[in-house]
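Letter by letter, the chains look like this.
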Amino acid sequence: MPLRHLLLALAVVAIWGSNFVVIKVALDTLPPMTLAVLRFSFALVPACFFLRRPAVGWGNLAAYGMLIGVGQFGLLYLAMRGHISPGLASLVVQTQVFFTLLLAVRIRKEKVVGMQWLGLVLAAGGVAVIASHTDGTTTPLGVAMVLAAAFAWACANLLTQRAGRIDMLAYVVWSSAFAVPPLLVLALLLDGPAQIAAGLAASGPGTWAAVLWQSVGNTLFGYGVWSWLLARHPAGRIVPMALLVPVFGMGSASLLLGEPLPGWKLLAAALVMGGLAINLFGPRLLQRPAQA
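Let us look at the structure shown here. (Residues numbered from 1 in each chain as written. Predicted model: local features only at pLDDT ≥ 70, side-chain atom pairs only at ≥ 80, totals over all residues. Heavy atoms only, no water.)

### Quick word on the packing of helix H3 (residues 58-80) against helix H8 (residues 168-202)
Move 1: Running from amino to carboxyl end, H3 crosses H8 at an angle of 55 degrees, the nearest separation of the two axes being 7 Å. By the angle between their axes, H3 is oblique relative to H8. Crossing of H3 over H8 shows right-handed handedness. Counting all contacts with H3, which are made through Trp-58, Asn-60, Leu-61, Ala-62, Tyr-64, Gly-65, Met-66, Gly-69, Val-70 and Leu-78, the residues of H8 involved are Met-168, Tyr-171, Val-172, Trp-174, Ser-175, Phe-178, Ala-179, Pro-182, Leu-183, Leu-186 and Leu-190. (Axes fitted to C-alpha atoms, helices over the stretch in contact; angles between N-to-C directions. Helix = DSSP H or I, 4+ residues; strand = E, 2+ residues; numbered from the N terminus. Parallel < 35°, antiparallel > 145°, perpendicular 65-115°, else oblique. Left-handed = near helix turned anticlockwise from the far one by under 90°. Contact = heavy atoms within 4.5 Å.)

See below:
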């Protein structure tokens, strides 16, 4: 892989990882559902005027938009508003890999090798470590909400597989049209008009920069560059770099927000990321002897 492409991939995972710190900054001013509405609104407009709707049914787009908008980010924002720290959120949400695996086994009847089950057990152990060390910054409710967000992400992954080979950036942009309306309803119900107005009035340049970072940096740039790289290199060279997202997430939360990294957090990170690595590389390692 050319150095320029490697640096682009690192830039994307760094953006995706550090985005949890940016979310925390935005949530200091904006209510969670209001932030979600703004994120997906700016991801939709004006990009939808420059990108053609992908060749996929409206039902698929609608389901994906609601799962990612309400299910993933709606729950994630709610959890990060006082129920889980940014670093741990960046780690726990990666369990979407294992939810995707289990859903593929259940719905698509895909086969799973023993090493993948080992990876699942390790990751579950990491989540258990987190759940057993909840404190003022992380609660059982927060862990549960992020796990639910990961499950919604996994469901959305299956919809992406059904969509086939499409322009992923256009897919994300157009699906945002179906994320905004339910999020707006939830904002009115959960945040309330008074909190929405107060949050918008109190938003300064830093808050709006965080919102745009969510929409433009994390969504448009991140998905656009990632799709561009996947179109030019084997997935096996690009996808493993996503393992660095929790590294950037926990590292940036520690450096920028002062989130502590005690031994139990490092143990949980090692278990979850070890499980992810086994799930990703295990099947390939088993295939090599058979091919030889």
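Okay, back to it.
### Some details on the environment of Phe-221
Move 1: Counting through the fold element by element, Phe-221 comes out in helix H9 (residues 205-230).
Move 2: The class of Phe-221 is partly exposed, set by a relative accessible area of 33%.
Move 3: Here the alpha-carbon distance between Phe-221 and Ser-85, two residues 136 residues apart in the chain, equals 25 Å.
Move 4: Those residues in contact with Phe-221 that lie beyond four places of it in its chain are Val-12, Ile-15 and Val-216. (Buried < 20%, exposed > 50% of the residue type's maximum accessible area, 1.4 Å probe, protein only.)

### Quick word on the side chain of Thr-219
Move 1: Along the chain, Thr-219 falls in helix H9.
Move 2: Take Thr-219: its relative accessible area is 4%, and that puts it in the buried class.
Move 3: In this structure the side chain of Thr-219 is engaged in a polar contact, spanning 3.0 Å, whose partner is the backbone oxygen of Gln-214.
Move 4: When residues no more than four places from it in sequence are discounted, the contact partners of Thr-219 are Arg-39, Ala-43, Leu-169, Val-172, Gln-214 and Gly-224. (Polar contact = N/O pair within 3.5 Å; in protein donor to acceptor, adjacent residues only side chain to side chain.)

### Quick word on the nonpolar core
Move 1: One finds Leu-35, Tyr-64, Leu-76, Met-80, Ile-84, Ile-130 and Tyr-171 to be the most contacted residues of the largest nonpolar core, which totals 65 residues.
Move 2: Per-element accounting of this core gives the leading share, 10 residues, to H8.
Move 3: Look past the residues within four positions of Leu-35 in its chain and what remains in contact with it is Ile-23, Ala-26, Leu-27, Leu-30, Tyr-77 and Val-211.
Move 4: In this structure, Trp-16, Trp-226, Met-241 and Val-245 belong to the second largest nonpolar core, which totals 11 residues. (Core = buried A, V, L, I, M, F, W, Y, C linked by side-chain atoms within 4.5 Å.)

### Brief notes about the packing of aromatic side chains
Move 1: For the structure shown, the criterion picks out eight aromatic pairs.
Move 2: Considering the side-chain rings of Phe-40 and Phe-73, the 5.9 Å spacing of their centres and the 65 degrees angle between planes classify their relative orientation as edge-to-face. Separated by 33 residues along the polypeptide, Phe-40 in helix H2 (residues 32-44) and Phe-73 in helix H3 bring together distant segments of the chain. Here the two residues Phe-40 and Phe-73 agree in accessibility, since each one is buried.
Move 3: Ring centres of Trp-58 and Phe-178 lie 6.0 Å apart, and the angle between their planes is 65 degrees; this geometry places the pair in the edge-to-face category. Linking Trp-58 in helix H3 with Phe-178 in helix H8, this pair joins segments that are 120 residues apart in sequence.
Move 4: A relative accessible area of 26% places Phe-178 in the partly exposed class. (Phe/Tyr/Trp six-rings, centres within 6.5 Å; stacked < 30°, edge-to-face > 60°.)

### Quick look at the pattern of salt bridges
Move 1: Enumeration over the complete set of coordinates arrives at one salt bridge.
Move 2: One salt bridge connects Glu-259 with Lys-265, and the closest N-O pair in it is separated by 3.0 Å.
Move 3: Relative accessible area serves as the criterion here: at 8%, Glu-259 is assigned to the buried category. (Salt bridge = Lys/Arg side-chain N within 4 Å of Asp/Glu carboxyl O.)

### As for a nonpolar patch on the surface
Move 1: Nonpolar side chains collect at one region of the surface, where Phe-42, Leu-200, Trp-208, Leu-212 and Val-216 lie side by side and expose about 400 Å² of accessible area between them.
Move 2: Considering every element that reaches the nonpolar patch, the biggest residue donor is H9, with three residues.
Move 3: Note that Leu-200 resides in helix H8. (Patch = residues over 30% accessible without salt bridge, like charges linked within 9 Å, V, L, I, M, F, W, Y side chains within 5 Å. Areas by Shrake-Rupley, 256 points an atom, 1.4 Å probe, with all protein chains shown as cover.)

### Here we look at the side chain of Ser-176
Move 1: Position of Ser-176 among the secondary structure elements: in helix H8.
Move 2: Excluding residues within four positions of it along the chain, Ser-176 makes contact with Phe-40, Ala-43 and Leu-44.

### Structural notes on the packing of helix H5 (residues 96-107) against helix H6 (residues 114-131)
Two measures define how a pair of helices packs: the angle their axes make with one another and the distance between the axes.
Move 1: Two elements in contact, H5 and H6, have axes whose closest approach is 10 Å; the angle formed by their N-to-C orientations is 135 degrees. Relative to H6, the element H5 is oriented oblique. You can see that H5 and H6 cross each other, and the crossing is left-handed. Along the contact surface, H5 presents Phe-98, Leu-101 and Leu-102, while H6 presents Gln-116, Trp-117, Gly-119, Leu-120 and Ala-123.

### Observations regarding helix H7 (residues 140-163)
Move 1: In this model H7 runs 35 Å from its N-terminal to its C-terminal C-alpha over 24 residues, within 8% of the 34 Å that 1.5 Å per residue would give.
Move 2: Among the residues trailing H7, Gly-164 stands out with phi positive, at a value near 80 degrees. (Expected span 1.5 Å × (residues − 1).)

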